[in-house]
Every structure is written in structure tokens, then in C-alpha cells.
Amino acid sequence: MGGVYEERPSRLDGAVVWARTGGPAAPFSVLPDGCMDLLWSDGRLYVAGPDTRAYVPDDPGAEYAGVRFAPGDAPALLGVTAHELRDRRVDLAALWPGARVRGPAARIGEATDRAAALEDLALRCAADAPRPDPRLRAVADGLNAGRTVAQVADAVGLGARQLHRRSLDAFGYGPKTLARVLRLQRALALVRAGVPYARAAAEAGCTDQAHLAREMRALAGSTLGAYAASANRETPQPSGSSTTA
């Protein structure tokens, strides 16, 4: 049996609150989605940085609560640049003073709705943090709409080097990598909806089905067939609801 995964829009703009309980013994992979998450699991508060490859949790049967921030928003809230956490899971106590973490960790662990308690922590962080640069939200939105990096840079008024540097800080990788990750997510959303691979590739912005298959291997470490089979039989898991068994 698969774990029960639920998510809802957060009161924090652009974020998603999610929870996962009753997981399977079999491992699952969390695929890159351009986001960072604030997580609670087994008494531990930690941050999942932006991924460039599939991530397999150490304990797939654990209970998880999470807040998935919109691409580019988490660094301002957490006080750390995204590229420092790329492909990493880091205890919040390594980023903040321990005294600032112990109280929230205990409250979340005692809460009936741990995801809601985690969301409250994220909202308090947002209230005390500088607002994310709206141009970076525009960068993510533009790339997710299939615009080229050059078009997005021109639209937000940043030169190529400025855009690359700010993207590393906000997203954890440059705009070309972010565009690839978001394109793969668009394609996989179509695959989950039953769209044929070739059509999903074209609608997501890939050159052809072979291009999508290469991106699937490079970013997800899997094949389209394996992903589709897993999506058909498993309950969705965290990180943009994109996983592979």
C-alpha cells in the first residue's frame, strides 16, 4: 500500500502545505521541481534544498509534514542562499540558532495537525523576513510558461550574468537548469493525466519524445514508462506531486 499524501494551498503566497503518513516499505524518489521545502519528520526540522536529480528518502515509511515554497521564495525566509543547499537536506538548527529551532520543533511534534503548525512557523518567518524579489518570481513564471532565458532576462531587465547570479541565489541553479526542471514537471503533469508521451513532450516544450526521455533519465534517473507505471499505481508523494517508484 502507498502512503497517504495530501496537499493544499498555503496562506503564504505561492506555497503549498503537504503531509504524508502511512508510507510503504518500498522506496520512492522525489523528483526535481525547482522548489525548496521546510520539513518536519520524526521530531526533526530541516530544509530540503533545490534538487538537480531524484532524491530517495532514507525512511520512506516515516511521517512527513512540509511547506513547499514557490521557486525563489525560500532563501529570503530562511536566510540562506539556495545554491548552498542544492541537492542537500540540512537541519534547520544548522542554519538558525538552536534556541530558535527547539521551541517550534517541540510545538510541531505535539500538534494534532503538524502540517498546519509547520505552516504557522513559515508564516512567522515570512512576517520577519524581507520580501522576495518580485523579479525572481517573474523569472520562474516566465520560464515555466516556456519562454527562453533571453526573453525572460529582457522582460525582467537583467543582463545574462546578473540573471545567472541571482538565479543561483534564489533557485539554487542557473536559469537554463531551472527551465529544464520546470519543463520536465510540465511534461510529467501531462503524462500523469494520460497524455501520450510524444504529445506531452511537444506541449511541454521538448523537441520530441526522445528529448523528453533524455531529460527524464538525466533529471529523474528513470524512464517515462517506469514513471507512468508508478504514477498509475502509487499515491502521489511530496515535491510537486512528482515521484517515481
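Residues numbered from 1 in each chain as written. Predicted model: local features only at pLDDT ≥ 70, side-chain atom pairs only at ≥ 80, totals over all residues. Heavy atoms only, no water.

1. Overview of the overall build of the protein
Selection rule: Numbered from the N terminus, helices here are DSSP runs of H or I no shorter than four residues, and strands are runs of E no shorter than two. Relative accessibility under 20% of the residue-type maximum defines a buried residue, over 50% an exposed one, and the middle range a partly exposed one, all with a 1.4 Å probe and only protein chains included. Any two residues whose heavy atoms approach within 4.5 Å at even a single point are treated as in contact. To measure how exposed things are, a 1.4 Å probe is used in the Shrake-Rupley method; for residues, cover is taken only from the protein chains shown. Charged residues are defined narrowly, with Lys and Arg counted positive, Asp and Glu counted negative, and His plus the chain ends left uncounted. In plain terms, the charge of a residue is placed at NZ if it is Lys, CZ if Arg, CG if Asp and CD if Glu.
In terms of helices and strands, the protein carries 10 helices and eight strands. With respect to the three principal axes, the spread of C-alpha positions in the protein is 50 × 50 × 25 Å. Counting all 245 residues of the protein, 47% fall into the buried class. The contacts in the protein between residues at least 6 apart in sequence include a share of 68% that link residues at least 24 apart. Approximately 11300 Å² of the protein is accessible, and the part contributed by carbon and sulfur atoms is 51%. Each charge class in the protein can be summarised by its mean position, and for the 30 positive and 27 negative side chains these summaries are 5 Å apart.

2. Remarks on unusual backbone geometry
You will see that aspartate 42, though not glycine, has its phi angle at about 50°, which is positive. You can see aspartate 42 is positioned in the loop between strand S4 (37-41) and strand S5 (44-48).

3. Looking at the side chain of aspartate 37
Selection rule: Nitrogen and oxygen atoms within 3.5 Å of one another constitute a polar contact, given that in protein one can donate a hydrogen and the other can accept it, and given that sequence-neighbouring residues count only through two side-chain atoms.
Within the fold, aspartate 37 resides in strand S4. Residue classification places aspartate 37 among the buried positions, given a relative accessible area of 6%. Here tryptophan 18 takes part through its side chain, which lies 2.9 Å from a polar atom of the side chain of aspartate 37. When near neighbours in sequence (up to four residues on either side) are disregarded, aspartate 37 contacts Trp18, Tyr46, Val47, Ala48, Val67, Arg68 and Phe69.

4. Things to note about the environment of aspartate 42
Given the relative accessible area of 61%, aspartate 42 is considered exposed. A sequence separation of 22 residues divides aspartate 42 from tyrosine 64, and the C-alpha atoms of the two residues are 7.8 Å apart. The contacts of aspartate 42, once residues within four sequence positions are left out, are Asp59, Ala62 and Glu63.

5. Comments concerning the confidence of the model for the protein
Our working definition: The score called pLDDT rates the predictor's confidence residue by residue, from a low of 0 to a high of 100.
Here the protein shows a mean pLDDT of 91. Residues at 70 or above account for 91%. When pLDDT is averaged over each helix and strand of the protein, the minimum, 49, is found for strand S8 (residues 243-244) and the maximum, 98, for helix H8 (residues 197-204). Low pLDDT, under 50, characterises residues 235-242; the predicted model gives this stretch 41 contacts beyond four residues in sequence or across chains.

6. Points about helix H4 (residues 134-144)
The line we're drawing: Note: the arc covers the axis-to-C-beta directions of the helix.
Residues Leu136, Val139, Ala140, Gly142 and Leu143 constitute the buried set of H4. Down the axis, H4 shows its buried residues gathered within 165° of arc, on one side only. Considering only its buried residues, H4 is in contact with helix H5 (149-156), helix H6 (160-171) and helix H7 (175-192). Just past H4, the residue glycine 146 takes up positive phi, approximately 90°.

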